[in-house]
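Secondary and tertiary structure notes
Chain by chain, the residues run as shown.
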Amino acid sequence: MSRAVIGMLVGMALAFAGWFGGFGAFLLVAALGAVGGVLGRLVDNGTDWREFLAAGDRRPR
């Protein structure tokens, strides 16, 4: 599936959520979609989620 089709489907889902559920539902769908996108990218890249979360802790002292 191309990225254009995926973007169109996401846009349609957000539009339906906004139309039928109001602005709160729109924000919920958008936030959960972003979380799903990040998790999907982690799975596709084979990155361990613990490495992803611990990356912010590696500061030079």
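Just so we're clear, the structure is a prediction, and the values are computed from it rather than from any experiment.

Reading the values: rules and limits
- Residues numbered from 1 in each chain as written.
- Predicted model: local features only at pLDDT ≥ 70, side-chain atom pairs only at ≥ 80, totals over all residues.
- Heavy atoms only, no water.
- Helix = DSSP H or I, 4+ residues; strand = E, 2+ residues; numbered from the N terminus.
- Buried < 20%, exposed > 50% of the residue type's maximum accessible area, 1.4 Å probe, protein only.
- Areas by Shrake-Rupley, 256 points an atom, 1.4 Å probe, with all protein chains shown as cover.
- Phe/Tyr/Trp six-rings, centres within 6.5 Å; stacked < 30°, edge-to-face > 60°.

Section: the overall build of the chain
Scanning the chain from terminus to terminus reveals 2 helices and 0 strands. Classification of the 61 residues of the chain by burial places 5% in the buried group. Entry remark: accessible area of the chain is about 5400 Å², with carbon and sulfur atoms responsible for 68%.

Notes on the packing of aromatic side chains
Taken as a whole and assessed by the stated rule, the structure comprises 2 aromatic pairs. A centroid spacing of 6.0 Å and a plane angle of 5 degrees characterise the contact between Phe-16 and Phe-20, whose relative ring orientation is stacked. Of the two residues, Phe-16 and Phe-20 both sit in helix α1 (residues 3-45), 4 residues apart, roughly one turn of that helix. Both residues of the pair, Phe-16 and Phe-20, count as exposed. Taking the centre distance of 6.0 Å and the plane angle of 20 degrees together, the rings of Phe-23 and Phe-26 count as stacked. One end of the pair is Phe-23 and the other is Phe-26, both in helix α1 and 3 residues apart, which spans about a single turn. Using a relative accessible area of 58% as the deciding quantity, one classes Phe-23 as exposed. Note on Phe-26: relative accessible area 29%, which makes it partly exposed.

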